[in-house]
Amino acid sequence: MKDKITIYKEIHEKWKYLYDPQSPWYTNLSNAVALLHEKLGYFWTGFYLVDNNLLQLGPFQGPTACTRISKGKGVCGTCWEEQTTQIVPNVHEFPGHIACSSLSESEIVIPCFNQNGEIWAVLDIDSKILNDFDLVDKQELEFFCASLEQIDHDRN
Ligand code: SME
């Protein structure tokens with residue numbers, strides 16, 4: 001089995017040619033989420049996009065999910081409000097966690113910043129295993145999310 005650093009390296013390399021500047025933002029964001037989901041293999045991988053002062057469900061892979069999240073609500077809304085990555089080792093112990101699936105046990109949510117330093121989306125990854133995310137995931141996923149800033153530029 002490949003180590004996590006190798007898998008993230010493959011993700012960063014593949015994203016460089018997967019991003020298609022001639023395609024609309026939703027095409028590129030859909031492929032970004034598919035790449036992460038395929039390579040990392042967690043239970044649920046998806047983006048919530050900042051839209052009209054809410055987080056609105058965007059491209060994702062996995063079971064159906066809740067469609068809108070307010071600022072400060074759940075892990076995603078906390079990430080948006082605090083503008084920092086949230087690592088939740090046990091979702092059942094996170095006050096106000098929004099349970100889209102009873103199978104989710106731990107999660108990581110990463111803010112995606114645009115060229116103006118504003119959050120335009122959050123990346124939410126859920127695992128069926130407790131305590132499944134660490135500082136390597138944080139560092140690598142923050143790097144990946146930073147490489148998506150052009151997508152928000154394409155969106156506006
Ligand atoms: N876990 C999130 C809600 C989204 S679902 O997990 C896909 C939260 O508490 O923000």
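Scroll up to find the structure this text is about.
Numbers given to residues run from 1 along each chain, matching the order in which its sequence is written. Selection of residues for local features in this predicted model requires a pLDDT of at least 70, selection of side-chain atom pairs for listing and counting requires 80 or more, and totals for whole chains, interfaces and linings are taken over all residues. Where side-chain values are given, they derive from all heavy atoms of the structure, hydrogens and water being excluded.

### Remarks on the pairing of strand E6 (residues 119-127)
Where a strand is regular, its side chains alternate between the two sheet faces. Within E6, 9 of the 9 residues are buried, which leaves it mostly tucked inside the rest of the structure. We call two strands paired when DSSP finds no fewer than two bridges between them. A run of DSSP states H or I qualifies as a helix once it reaches four residues; a run of E qualifies as a strand once it reaches two. Both are numbered from the N-terminal end. In this sheet, E6 lies alongside strand E5 (residues 106-113) in antiparallel orientation, the contact comprising 8 bridges. For Ile110, the partnering residue across the bridge sits in E6 and is Leu123. Linking E5 to E6, which pair antiparallel, is a turn of 5 residues; within it Gly117 sits at a positive phi near 80 degrees. Throughout this description, buried means an accessible area under 20% of the type-specific maximum (1.4 Å probe, protein chains only), exposed means over 50%, and partly exposed covers the range between.

### Details of the sheet that holds strand E4 (residues 86-88)
Ordered by their spatial adjacency, 6 strands build an open sheet running E3-E2-E1-E6-E5-E4, and the pairing between neighbours is antiparallel. The open sheet has two edge strands, strand E3 (68-69) and E4, and neither has a second partner. In this structure, strand E1 (residues 44-51) lies alongside strand E2 (residues 54-61), joined through 6 bridges in antiparallel fashion. Bridge assignment links Thr45 to a residue of E2, and that residue is Gln61. Helix H2 (residues 25-40) rests against E1, E2 and E6 of the sheet, and its axis sits at about 150 degrees to E1. The criterion used for residue contact is that any of the two residues' heavy atoms lie within 4.5 Å. Lines fitted to the C-alpha atoms define the axes, with helices restricted to the stretch that makes contact. Angles between their N-to-C directions range from 0 to 180 degrees. Contacts from helix H4 (residues 135-146) reach E4, E5 and E6 within the one sheet, and its direction differs from that of E5 by about 30 degrees.

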